[in-house]
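Here's the letter readout for the chains.
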Amino acid sequence: MLKNYLKIAFRNITGNPLFSAINIIGLSIGLACCIIITLFVQYETSYDKHWQDADRIHRVTRDFFSNNLRLATVAPPIAPLLKQDYPEVEDITRIMSIGTTAFTVGEKTVNDEAAVIADPNIFEFFNLEFVAGDPATALAAPTNVVVSERAAQRLFGSTDVMGRTVNIANQADFTVAGVFRDLPENTHMAFEIVVSIDIVPIMMGPEALERWGNNSYFSYLRLESGFDADNLEAKFVDFIVRHRGEDAPESTAIGLQALTDIHLTSNRDSEWRTNGSIAAVYTFSAVAFVVLLIACVNFMNLTTARSTQRAKEVGIRKVVGANRSQLVLQFLGESVLLTAVAMLLALALVELALPAFGAFLEKPIAFSLADPLTLATLVIGTIIVGVVAGSYPAFYLSHFRPASVLKGTVSGGGSALLRRILVVFQFATSIALLIATGVVMAQMHYARTMDLGYERERNIVHSLPFFADLWGLYTPLKAELEAHPDIESVVYSSRIPSQQNLDSSIYLPAGAQEVRDNAVGISDIKVDWQWFDHYGIEFLAGRPFRENEMKIGEISEEQPVVRGAAVLNESAARRLGWTPQEAVGQIVREPQNGDWTQWIDREVVGVIPDIHFSSLHDEKKATLYAEPVDGYQRSISVKLAPGNPSTAIEHFETVWTRLVPNEPVAWEFLDDRFDARYRAESRQASMFAVFSGFAIFVATLGLFGLASFTTERRTKEIGIRKVMGASAANIVMLLTSDFTKLVLLANVIAWPIAYYFMSQWLTRFVYKAPFSDWGWLFVASALVALGAAWLTIALQAGRAATARPVMALRYE
Amino acid sequence: MIKLHNLSKVYRTSDVETTALNSVNLEIDRGEFVAVMGPSGCGKSTLLNVLGMLDSPDSGSYVFLDSEVSQRTERELAAVRKQHIGFIFQSFNLIDELTVAENVALPLLYHKTPAAERDQAVREVLESVKIAHRADHRPQQLSGGQQQRVAVARAVVTQPKLILADEPTGNLDTTNGEEVLNLLEQLNSEGTTIVMVTHDRSHAEHASRVVNMLDGRILSENVVGMQAASEARHA
């Protein structure tokens, strides 16, 4: 019997190549989308689950309410104090990324960004596998360094590096005391070179690890088994009061994040790197499901539309003794078989597309049929999809009464109403996806081209590694660079635009009563006096700095107050209680020690508008621009003349190499840095576009099949109409008007849904593209859908309409 | 074998009510060859469909093999049909996607007959209708007469007690028609009960009894030989 079913199924598939092709192509695209998205989701949800005791590890976070900072990193004393105060904290470890740093092995210096300072127990805490050395003692000495295999290759060209020496940041020599296996890609952390935290007091002073103001340590704690993180977190207000004073909870708080949740749900300032997004996981899952659903709908529609062809078979089978459940089973079997064929094709598509997809996401997403679980999932998936797609046709076909079908009195074709509803559903989802893609693109475009409040074009920037600065080298460097005709100006700053600015301090208006109450947290950036001019920033009030006026003297017991100059942005002026005009000439005080006996008084010389310093994700921050002090001349911006930049860049490289020999030259275009800040969204937008494209393609395929079916059914009518004098255009109109109404109805349904979801999505951005930027997309999507539908139907209708009527009448 | 008592069937559309069977009373015994005659729309096909349990009556009783069938479920009817009844249609109704042998084997598949036994039965029945040489052809590759012989083979392969034939010769030329009728006669002589709807008086003469229908009623029942005799008397 099975053989008989298979035979019929196979002959039906091969006997109706158009319908089979539409179904198989549609289903295989839908299945391939689902498989690829499932792999993506699987990968995204696998982050950090592989660590030993991952379910007991949490990361400590810190919030500062006054300047809306939500840090993934905390001050160094916090984690040890948590362990000391709460017995349920089994162990802690701290890691601080030191950013791009110079590493010198022999004569060769390279900049590497994968270095961290960490507690010596880090390797045991995360149970990292060592290929050389002992994890327990590898960081016992403050001058030891432990490297990953990849870092060892990069620095030394070998993994056999125990005992070798590397100079870090031109500061000190370190000895390799351990080599560990590379971290897997699916972790939120990223470190390859590890130095002991014990180096910090040695290099930065004995109290460096006691400071609550330096919030740059990723701090992880492992709870004893059976303890709940929420219970511990509830005690953190007391903790802050105990260690920071009664008022502290008003301005700051600490919290916990489960290690395994960080990748998808944490999007804090100062993350290791850009995390994934749970919203993206949900969105893409939904899109893949929709594509598959559209393909299933094609199957339902085309199968029921063609049911007259199968009706006779149903009748005969019933006559010779088949009961309905046997027929249902037969038709379900057929759709499962068809789905299985589609699945094979889908697997081929996945094989083809996966390398590109993985490269595009920069993630090692892999797929192996050798895994029995994968195989079982695919088989079960095939059956489920086959049954879902085939259930309605199976029940519909098997209900035919043999007496009527064998007499030919069954009109067949299934419920036309249901088919219309399904077509509207397909097009509504396609149109909604199309609009969504358009809105994502519009927001990307808006972000990329938005006026940030300064001129970022034609700038190349060079940031220095941690520990390094240009103190003493800057003046000759600037002079030599600006001597080149194609270089317009050179300035330094503590941060460059596009970088997140997490530096901040406490400021208050000088002479204010109740001093502490008037203090506010304001971000600060240390800049060259010509910085505003360089970046073309307009002033709302006052003026830019003058040369040397910002310089401040040394603070000491003898000279507890020094003076300087500052420029505020508008928000900072308001935070301090002034309009831009009022602010000019005022004194802003920055306390320099805990008991507020030493401070810097800066006169406000000008106020600029709020500029988008980092990206549109971040709100514009209240910011004070002031003079540099030691260690803050960390980056320079070089503005090039219009035209070919290559000679200027060459000049830059030559001068840099000569004047700053310790630092390898590593410039970037500022524009590229901005684009990189939107890379995650750009990727999502592209993925979205591709999958929406598939949805529309599959829906159009289905419409093509339906149109060909309708045209075929109306062949005789078309013939008669032509005999009566209808023109080809009349016929095409006749055939297209029906579907046009459906596509228009689909628009009416899709528009409000798309509007709702995309308005929600846009709330993720602080600065969103206005409706006028994307409102036209609704009309455009309608036109695209209509165009696709018309083209498809007109192809069919045109053929029928131009055929000689006698051919049509001979039909039947 | 068959007892119909006051059997009625009405087809309703939104504005028309057509009485297809109007209080039909009919008994058919085992081994009979009954021809049902009448003009188009007189209800003969409806009668056949009801007899074959492809359609259900609105009122009245239908006793098949001593048991009432009018109240049975679809599933039970399918089982009775499978067990006891074979069908032959005017338009052959073979499945185009299956070969001749596969078409004939179809009822045996639903009977869950073992494969070896099934192949043998198919071969024998194809030989008996002289179409064995075409076993691997598709229906479209055969002439009408050949197709109908395949349909007959399919109808008899399960050795049903009753064969219902709905104008089996309607689409055939005289020679092929005669051949099919001879096949039916032969089956009848081997003990199979046959009910055949036909337009053609000469074909009806192959039957042992003719039932004449008009407007859903049975007008008369003649034993074929007697009718011929009475016609001879009038002549």
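### Some points on the overall build of chain B
Then, in step 1: When you go through chain B residue by residue, the secondary structure sums to 8 helices and 10 strands.
Then, in step 2: Over its C-alpha trace chain B gives a radius of gyration of 18 Å, about what one expects of a compact globule, namely 18 Å for 235 residues.
Then, in step 3: Taken along the three principal axes of its C-alpha coordinates, chain B extends 50 × 45 × 35 Å.
Then, in step 4: Out of the 235 residues belonging to chain B, those deemed buried represent 54%.
Then, in step 5: When the accessible surface of chain B is summed, it comes to about 10,600 Å², and 46% of that surface belongs to carbon and sulfur atoms.
Then, in step 6: A gap of 4 Å separates the mean positions of the 22 positive and 31 negative side-chain charges of chain B.

### Looking at the sheet that holds strand β5 (residues 67-68) of chain B
Residues and elements named next belong to chain B.
Then, in step 1: With respect to topology, 4 strands assemble into an open sheet ordered β2-β1-β4-β5, the strand pairing being antiparallel. The open sheet has two free edges, formed respectively by β2 (17-28) and β5, since each of these has just one partner strand.
Then, in step 2: For strand β1 (residues 2-12) and strand β4 (residues 59-64), the ladder comprises 5 bridges, and the chain directions are antiparallel. Bridge pairing in β4 links Leu 4 to Tyr 62.

### Quick look at the sheet that holds strand β15 (residues 487-493) of chain A
Residues and elements named next belong to chain A.
Then, in step 1: The sheet built from 4 strands is open, its strands ordered β15-β23-β14-β24 with antiparallel pairing. Edge strands, defined here as strands with exactly one partner in the open sheet, are β15 and β24 (668-669).
Then, in step 2: In this structure, β15 lies alongside strand β23 (residues 635-640), joined through 6 bridges in antiparallel fashion. Of the residues in β23, the one forming a bridge with Val 491 is Ser 637.
Then, in step 3: Contacting β15 and β23, helix α16 (residues 474-482) crosses the sheet at an angle of about 160 degrees to β15.

### So, the packing of aromatic side chains
Residue and element names in this part refer to chain A.
Then, in step 1: Considering all chains together, one arrives at 41 aromatic pairs over all chains under this definition.
Then, in step 2: Looking at Arg 222, its charged tip hangs above the ring of Phe 125, at a distance of 5.0 Å from the centre.
Then, in step 3: Above the plane of the ring of Phe 674 lies Arg 456, whose end atom (NZ or CZ) is 4.7 Å from the centre.

### So, unusual backbone geometry
Then, in step 1: Notably, Asp 48 of chain A is not glycine yet its phi reads approximately 60 degrees, a positive angle.
Then, in step 2: Considering the arrangement of structural elements, one finds Asp 48 of chain A in the loop between α2 (17-44) and β1 (57-64).
Then, in step 3: A positive phi angle, near 50 degrees, is found at Leu 65 of chain B, a position not held by glycine.
Then, in step 4: Relative to the assigned elements, Leu 65 of chain B resides in the loop between β4 and β5.

### Some remarks on the nonpolar core
Then, in step 1: Counting residues in each nonpolar core, the largest one holds 93 residues, and the members touching the most others are Phe 40 and Phe 427 of chain A.
Then, in step 2: Counting only elements with at least two residues in this core, the list comes to α2, α10 (278-305), α12 (324-361), α13 (372-398), α15 (416-449), α23 (679-713), α25 (728-762) and α27 (776-802) of chain A.
Then, in step 3: At 16 residues, α2 of chain A tops the list of elements feeding residues into this core.
Then, in step 4: When neighbours within four sequence positions are excluded, Phe 427 of chain A is seen to be in contact with Ala 699, Leu 703, Val 743, Ala 746, Ala 785 and Ala 789 of chain A.
Then, in step 5: Among the nonpolar cores identified, the runner-up in size contains 56 residues, and Leu 406 of chain A together with Val 24, Val 36 and Val 197 of chain B belong to it.

### Points about the pattern of salt bridges
All names here are of chain A.
Then, in step 1: Evaluation of the coordinates by the stated rule reveals 36 salt bridges over all chains.
Then, in step 2: Here Glu 482 and Lys 478 are joined by a salt bridge, their closest N and O atoms 3.5 Å apart. Taken together, the residues span about one helical turn, with Glu 482 and Lys 478 both in helix α16 at a distance of 4 residues.
Then, in step 3: The shortest N-O distance in the salt bridge between Arg 602 and Glu 590 comes to 2.9 Å. Taken together, the residues Arg 602 in strand β21 (residues 599-608) and Glu 590 in strand β20 (residues 587-591) connect sequence positions 12 residues apart.
Then, in step 4: Residue classification places Arg 602 among the buried residues on the basis of a relative accessible area of 1%.

### Some thoughts on the interface of chain A and chain B
Accessible area lost when the parts come together is the quantity often used to give the size of an interface.
Then, in step 1: Each partner contributes residues to the interface: chain A has 26 residues there, and chain B has 29 residues.
Then, in step 2: When chain A packs against chain B, close to 2,500 Å² is buried across both sides, 55% of that on carbon and sulfur atoms.
Then, in step 3: On the chain A side of the contact with chain B, Arg 11, Val 319 and Val 320 of chain A bury the most area, a combined 23% of that side's loss.
Then, in step 4: On inspection of chain A and its partner chain B, the count reaches 2 salt bridges.
Then, in step 5: Taken together, the links from chain A to chain B amount to 5 residue pairs in polar contact (both at pLDDT 80 or more).

### Considerations on helix α5 (residues 149-156) of chain A
All names here are of chain A.
Then, in step 1: Within the sequence span of α5, burial applies to Ala 151, Ala 152, Leu 155 and Phe 156. In an axial view of α5, the angular spread of the buried residues amounts to 105 degrees, which keeps them on one side of the axis.
Then, in step 2: In this structure, the buried residues of α5 make contact with β4 (101-105), β5 (108-112), β8 (144-148), β9 (165-168), β10 (172-180) and β11 (193-196).
Then, in step 3: Gly 157, located one to two residues past α5, shows a positive phi value of around 75 degrees.

### Notes on the pairing of strand β22 (residues 623-626) of chain A
Taken residue by residue, a regular strand's side chains alternate between the two faces of the sheet.
Residue and element names in this part refer to chain A.
Then, in step 1: Residues Thr 623 and Tyr 625 of β22 are buried on one face, and the alternating residues Leu 624 and Ala 626, pointing to the opposite face, are buried as well.
Then, in step 2: Examined bridge by bridge, strand β17 (residues 520-526) and β22 share 4 bridges and lie parallel to one another. In the strand pairing of β22, Asp 524 is matched with Leu 624.
Then, in step 3: In this sheet, β22 lies alongside strand β19 (residues 561-569) in antiparallel orientation, the contact comprising 2 bridges. Bridge pairing links Val 567 to Tyr 625 in β22.

### Examining a nonpolar patch on the surface
All names here are of chain A.
Then, in step 1: On the surface, a cluster of nonpolar side chains totalling about 590 Å² of accessible area is made up of Leu 745, Val 748, Ile 749, Ile 753, Tyr 756 and Phe 757.
Then, in step 2: Within the secondary structure layout, Leu 745 lies in helix α25.
Then, in step 3: On the accessibility criterion, Leu 745 (43% relative accessible area) is partly exposed.

### Quick notes on the confidence of the model for chain B
Reading predicted coordinates in detail is not appropriate for stretches of low pLDDT.
Then, in step 1: Scored by pLDDT, chain B has a mean of 86; 94% of the residues are at 70 or more.
Then, in step 2: Taken together, the stretch residues 228-235 of chain B has pLDDT below 50 and engages in 0 contacts with residues farther than four places along the chain or on a different chain.

### Describing the packing of helix α11 (residues 307-319) of chain A against α12 of chain A
All names here are of chain A.
Then, in step 1: Across the interface, α11 lies against α12 with an axial gap of 11 Å and an inter-helix angle of 140 degrees. Between α11 and α12, the interaxial angle falls into the category oblique. When you trace α11 past α12, the crossing you get is right-handed. Contact with α11, carried on its side by Arg 310, Glu 313, Val 314, Arg 317 and Lys 318, involves Leu 327, Gln 330, Phe 331 and Glu 334 of α12 and no other residues of that element.
Then, in step 2: When grouped by side-chain class, the residues that make up the contact of α11 with α12 number 3 nonpolar, 1 polar and 5 charged.

### A word on the pairing of strand β6 (residues 115-118) of chain A
Residues and elements named next belong to chain A.
Then, in step 1: What you see with β6 is no split at all: Ala 115 and Ile 117 on one side and Val 116 and Ala 118 on the other are buried throughout.
Then, in step 2: Inspection of the sheet shows strand β3 (residues 89-97) paired to β6 by 3 bridges, in the antiparallel sense. When the sheet's bridge partners are listed, Ile 95 is paired in β6 with Ala 118.
Then, in step 3: Pairing of β6 with β11, which is carried by 4 bridges, proceeds in the parallel orientation. Within β11, the residue paired with Ile 117 across the bridge is Val 195.

### A short note on the environment of Asn 25 of chain B
Residues and elements named next belong to chain B.
Then, in step 1: As for its placement among the helices and strands, Asn 25 is situated in strand β2.
Then, in step 2: Relative accessible area serves as the criterion here: at 37%, Asn 25 is assigned to the partly exposed category.
Then, in step 3: A distance of 3.3 Å separates polar atoms of two side chains, one belonging to Asn 25 and the other to His 5.
Then, in step 4: Polar side-chain contacts of Asn 25 include one of 2.7 Å to the backbone nitrogen of Asn 6.

What counts and how
Residues numbered from 1 in each chain as written. Chains lettered and ligands numbered in written order. Predicted model: local features only at pLDDT ≥ 70, side-chain atom pairs only at ≥ 80, totals over all residues. Heavy atoms only, no water. Helix = DSSP H or I, 4+ residues; strand = E, 2+ residues; numbered from the N terminus. Rg over C-alpha atoms; globule rule 2.2 N^0.38 Å. Buried < 20%, exposed > 50% of the residue type's maximum accessible area, 1.4 Å probe, protein only. Areas by Shrake-Rupley, 256 points an atom, 1.4 Å probe, with all protein chains shown as cover. Lys, Arg positive; Asp, Glu negative; His and termini not counted. Charge placed at Lys NZ, Arg CZ, Asp CG, Glu CD. Pairing = 2+ DSSP bridges. Contact = heavy atoms within 4.5 Å. Axes fitted to C-alpha atoms, helices over the stretch in contact; angles between N-to-C directions. Phe/Tyr/Trp six-rings, centres within 6.5 Å; stacked < 30°, edge-to-face > 60°. Lys NZ or Arg CZ within 6 Å of the ring centre and 35° of its normal. Core = buried A, V, L, I, M, F, W, Y, C linked by side-chain atoms within 4.5 Å. Salt bridge = Lys/Arg side-chain N within 4 Å of Asp/Glu carboxyl O. Buried area = accessible area lost by both parts, 1.4 Å probe. Polar contact = N/O pair within 3.5 Å; in protein donor to acceptor, adjacent residues only side chain to side chain. Arc of directions from axis to C-beta. Patch = residues over 30% accessible without salt bridge, like charges linked within 9 Å, V, L, I, M, F, W, Y side chains within 5 Å. pLDDT = per-residue confidence, 0-100. Parallel < 35°, antiparallel > 145°, perpendicular 65-115°, else oblique. Left-handed = near helix turned anticlockwise from the far one by under 90°. Nonpolar A, V, L, I, M, F, W, Y, C, P; charged D, E, K, R; others polar.

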